[in-house]
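# Working through the structure, step by step
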Amino acid sequence: MFARPRSPRTIVVWLTLYLALAANLPLWGELARIGGAPSVYLPTIALMALLTVCGTVAILSFTAWTRWMKPLWFGVVVLAAVVQHYMLSYRVVMDPSMLANALQTDPNEARDLMSWRMVFNVLLVCVLPAWALWRVRVRPQRFVAQAWRNGVLLLAVAAIAAGGALAMNRQLAPLMRNNVHLRYMMNPMASIYSAATVAIRPMFKHSRKLVPVAGGAALGASYAGQTRPPLFVLVVGETARADHFGLNGYVRDTTPELAARRVLSYRDVHSCGTNTLASVPCMFSPLGKQGFEGRKNEYENLMDVLQASGLAVFWLDNQAGGCKGVCDRVPHASAFEHLDPSVQAALCDGDECLDDVMLRGLDERLAALPAERRAKGVVLVMHQMGSHGPSYFKRSSPDVKRFLPECKTNALAECSHAELVNGYDNSIAYTDRFLGKTIDWLKGQSRRFDPALLYLSDHGESLGEYGLFLHGVPYGFAPEVQKHVPMVTWFSDGMKARRKLSISCMEAGVDAPLSHDNLYHTVLGLMDVRTPTYKSTLDALASCRGDNVASN
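A short tour of the structure in this document, coming up. Computed from a prediction, not measured in an experiment: that's the story for all the values here.

How each quantity is defined
- Residues numbered from 1 in each chain as written.
- Predicted model: local features only at pLDDT ≥ 70, side-chain atom pairs only at ≥ 80, totals over all residues.
- Heavy atoms only, no water.
- Helix = DSSP H or I, 4+ residues; strand = E, 2+ residues; numbered from the N terminus.
- Rg over C-alpha atoms; globule rule 2.2 N^0.38 Å.
- Buried < 20%, exposed > 50% of the residue type's maximum accessible area, 1.4 Å probe, protein only.
- Contact = heavy atoms within 4.5 Å.
- Areas by Shrake-Rupley, 256 points an atom, 1.4 Å probe, with all protein chains shown as cover.
- Lys, Arg positive; Asp, Glu negative; His and termini not counted.
- Charge placed at Lys NZ, Arg CZ, Asp CG, Glu CD.
- Pairing = 2+ DSSP bridges.
- Axes fitted to C-alpha atoms, helices over the stretch in contact; angles between N-to-C directions.
- Parallel < 35°, antiparallel > 145°, perpendicular 65-115°, else oblique.
- Left-handed = near helix turned anticlockwise from the far one by under 90°.
- Nonpolar A, V, L, I, M, F, W, Y, C, P; charged D, E, K, R; others polar.
- Expected span 1.5 Å × (residues − 1).
- Polar contact = N/O pair within 3.5 Å; in protein donor to acceptor, adjacent residues only side chain to side chain.
- Disulfide = S-S within 2.5 Å.
- Core = buried A, V, L, I, M, F, W, Y, C linked by side-chain atoms within 4.5 Å.
- Phe/Tyr/Trp six-rings, centres within 6.5 Å; stacked < 30°, edge-to-face > 60°.
- Lys NZ or Arg CZ within 6 Å of the ring centre and 35° of its normal.
- Salt bridge = Lys/Arg side-chain N within 4 Å of Asp/Glu carboxyl O.

### Overview of the overall build of the chain
Within the chain one finds 21 helices and 16 strands. Relative to its length of 552 residues, the chain is compact, with a C-alpha radius of gyration of 27 Å against a globular reference of 24 Å. Along the three orthogonal principal directions, the C-alpha set of the chain runs to about 90 × 50 × 50 Å. Here the chain holds 552 residues, and the buried ones make up 57% of them. Taking as baseline every contact in the chain between residues at least 6 positions apart, the subset at least 24 positions apart corresponds to 78%. Split by element, the accessible area of the chain, about 23900 Å² in all, is 61% carbon and sulfur. For the chain, the distance from the average site of its 55 positive side-chain charges to the average site of its 45 negative ones is 11 Å.

Here it is, written out as C-alpha cells:
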C-alpha cells in the first residue's frame, strides 16, 4: 500500500472513509434509535453515510495539495476522535454554540472533562491514521494540475450527494426537519463547520458598537428621605434544574435551608439559553431572548443601568470563565484570587473553590465600594460554580453529602444513574446551604440596610434523560430539563415595607410562567430605578408592589 506515492485526493478519500466508519458511532446509533426497525434505519444510515463522506471529502478537497498537509489531516482526525468521545460520553452535539462554549472553558473545567477513558477513545481512533499518514508518500504535482483535479473531485462528490439526497428526499426531509441535531452529529464535517463558524464569526464583530441604554437612569421616589438604603443580592446559579429543588416538589428534600427561611420559589421559569455563554449575557440584557439573539450590535445591560442610576454595584465571580462580558464596565472581582491560605485550604482545590468562598470578606468588599454610592444602595451579584458538571462530586462539601453513594468521576458512563443523580443532588443541597448562609448574612445587615435576595440559575442539566448528559443542546430541540430553571426570592421586612410588597400576592404568583426575559425589569422595579427601557409588563413583582395591592 505504501510502496508507491499516492495523490493527495486519494489520501483524502481514504481518510474520509475511515472516519465515516470509526468516528461516527453516535450518529449510527442515533439513527438506529430513531428508525426502530432495521428496514427503516439501515437505508437511512446508508444515505447519511453517503452525505457525511461526500461532505467531508468536499471540505478536505481544499487541503489536497502536498505532503505538508499531513499535520492538518491528522488534526482533523484528532478533532473527530475528541468530538466522538464527548458525543458518546455525554450525548452532546458539537454545534457552533457548544464549540464556542467549549473554547471558553477554563483550565479547571477542562481538567474535569479529561479522563483515561478519553485518552483511550481518542487513541483508538487516531493510532491507525497516524501510522498511515506517517508512512504514505504524497505524489507531487504541478499547481494547475492539482487545482483542476481538486475541482473535479469537489464537483463529483457534490453531484453524488445531491443525487442521493434527491433520491431519498421523501425519507431525508422529515428526518432532518424533526431531528435537527443529526446535522451536528455528522463527524468530522459538522465539527469542522462549527470550528470555522466560531473562528470566522469574530471577524464580523469588530464593527459592532456598544449601544447605550443607561441614559436617563435615575433613582425613584423610595430613595427620598430613606432611613436605610437597599442591599440587593442577585445570585446567578449554575446548571441548576428546577425539578431537583425540594421547594418545587422534588421527592428529595434538597432545599431544607431555603424552606426554613420561608423563601418564595417560582416553579415555571425558563432560561434564555442552554449554556452559560448564551444565557448569562441574555438574562442581563434589556432586549429579551428574541431581541438578544437577533441583535446586530452590543448593548449595555442591567449592571450598566444600575450603576448609572447612582447605586453601588459589584460583581463577584466564582467561575474562572468570568461574567461573559456582563460585568466589564462595573467593579468586579474573582472570589478565588488573593485568598488567605487557610481559606484556600478549606474551600479550594487549585483555582477552583466551593461557593462558600464568596461569603468570606463580604463586609470588607462592601466597605470598599464608594461611600456616596453605598449611601444610596448596593447591588451585589454573586456568580456561582453551582452544579457545574461533569464533576458534580466536587460541587459539594463532605458535610452536605446526604445522598450516597455518589458518582466520583467525570467519566459519567462509569457510574450508575443513581450515583450520578446523588452527586448532582448533593450539589443542589450545597447551593441550598450557600443561599441559606447568604440570607443569614443579609439578615445581619438589616440594621444598616433593607436587604433582599433573588436567585436564578443560568440553565439546567441533563442527567441521562433521552440518553443526554450535561447541557448545551441547541435551544430549539433541547429537553425541558436544560431550560427549566429555579428562581427563588427572599425579602426582609425592611424591603417589604420599603417597596410595599404583598406577600399573599407574590405567593399567588409562584406558578406564573416566567423567563430570563423578566430578570432585567424585575430587578429595576424592585430597586426602584427609573429608566426608559423598563417595562412593567415584564416585571414579575409589579402587580404585587406599591399601590396596586393592599400591603400585608
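### Some thoughts on the sheet that holds strand β4 (residues 264–270)
Spatial ordering of the open sheet is given by β7-β6-β10-β3-β11-β14-β4-β15, a layout of 8 strands whose pairing is mixed. The sheet is open, and its two edges are formed by β7 (332–334) and β15 (514–515), each paired on a single side.

### Comments concerning the packing of helix α1 (residues 8–22) against helix α3 (residues 38–60)
Between α1 and α3, the least distance of the axes is 9 Å, while the angle of their chain directions is 140°. The angle between the axes of α1 and α3 places the two elements in the oblique class. As α1 runs across α3, the sense of the crossing is right-handed. Of the residues in α3, those touching α1 at Val12, Val13, Thr16, Leu17 and Ala20 are Val53, Thr56, Val57 and Leu60. Partitioned by chemical class, the residues of the contact of α1 with α3 number 7 nonpolar, 2 polar and no charged.

### Some words on helix α10 (residues 189–200)
Note: α-helices contain 3.6 residues per turn, so residues at a spacing of three or four share the same orientation. Between its first and last C-alpha, α10 extends 16 Å over 12 residues, near the 16 Å set by a 1.5 Å rise per residue. Among all positions in α10, only Met189, Ala190, Ser191, Ile192, Ser194, Thr197 and Val198 are buried.

### Some thoughts on the side chain of His383
Mapping His383 onto the fold places it in strand β10 (residues 378–383). Classification of His383 by relative accessible area gives buried; the value is 0%. A distance of 3.4 Å separates the side chain of His383 from the side chain of Gln319, its partner in a polar contact.

### So, the state of the cysteines
Tallied over the full model, the rule gives 5 disulfides. Paired through a disulfide, Cys407 and Cys415 show a sulfur-sulfur distance of 2.0 Å. On the S-S bond that ties Cys407 to Cys415, the torsion sits near 65°, and the link is right-handed. With respect to burial, Cys407 and Cys415 carry one shared label: buried. Look at the chain and number its bonded cysteines as they come in the sequence; the links are 1-2, 3-4, 5-6, 7-8, 9-10.

### Overview of the nonpolar core
Met48 and Met382 are the most contacted members of the largest nonpolar core, which has 107 residues in total. Among the elements that take part in this core, α3 stands out by supplying 10 residues, more than any other. Excluding residues within four positions of it along the chain, Met48 makes contact with Leu27, Trp28, Leu31, Leu172, Met176, Leu182 and Met186. Listed in part, the 47 residues of the second largest apolar core include Phe232, Val379, Ala452 and Cys505.

### What to know about the packing of aromatic side chains
Enumeration over the complete set of coordinates arrives at 4 aromatic pairs. Aromatic pair Trp65 and Phe143: ring centres 5.2 Å apart, planes at 10°, arrangement stacked. In this pair, Trp65 sits in the loop between α3 and α4 (70–90) while Phe143 sits in helix α8 (residues 143–167), placing the two residues 78 residues apart along the sequence. Residue class for Trp65 comes out partly exposed when judged on its relative accessible area of 25%. Arranged with centres 5.5 Å apart and planes meeting at 90°, the rings of Tyr392 and Tyr424 form a pair that is edge-to-face. Of this pair, Tyr392 sits in the loop between β10 and α18 (417–444) while Tyr424 sits in helix α18, placing them 32 residues apart in sequence. Of the residues examined, Tyr392 reaches a relative accessible area of 2% and is grouped as buried. A relative accessible area of 0% places Tyr424 in the buried class. Directly above the aromatic system of Tyr475 lies the positively charged group of Lys289, at a separation of 3.8 Å from the ring centroid. Residue placement shows Lys483 over the ring face of Tyr475; its charged tip is 4.7 Å from the ring centre.

### Examining the environment of Ala312
Note on placement: Ala312 falls in strand β6 (residues 312–317). Placed 18 residues apart in sequence, Ala312 and Val330 show a C-alpha to C-alpha distance of 9.3 Å. With residues near it in sequence (within four places) discarded, Ala312 still touches Leu369, Arg373, Arg374, Gly377, Val378 and Val379.

### A look at the pattern of salt bridges
Summed over the entire model, instances satisfying the criterion amount to 21 salt bridges. Taking the shortest distance from any N to any O, the salt bridge between Glu30 and Arg33 comes out at 2.8 Å. Note that Glu30 and Arg33 are positioned in helix α2 (residues 25–35) at a spacing of 3 residues, about one turn of the helix. In this structure Glu30 comes out as buried when scored by relative accessible area, which is 15%. Taking the shortest distance from any N to any O, the salt bridge between Asp450 and Arg228 comes out at 2.9 Å.

### Topic: the pairing of strand β3 (residues 230–237)
For β3, a buried count of 8 out of 8 residues is recorded, marking the element as mostly surrounded by other parts of the structure. Residues Pro230, Phe232, Leu234 and Val236 line one face of β3 and the alternating positions Leu231, Val233, Val235 and Gly237 line the opposite face, and both faces are buried. Looking at chain direction, β3 and strand β11 (residues 450–457) are connected through 8 bridges and run parallel. Opposite Gly237, over in β11, you have Ser457 as the bridge partner. By the bridge criterion, 6 bridges tie β3 to β10 in an arrangement that is parallel. By the bridge assignment, Leu231 is partnered in β10 with Val378.

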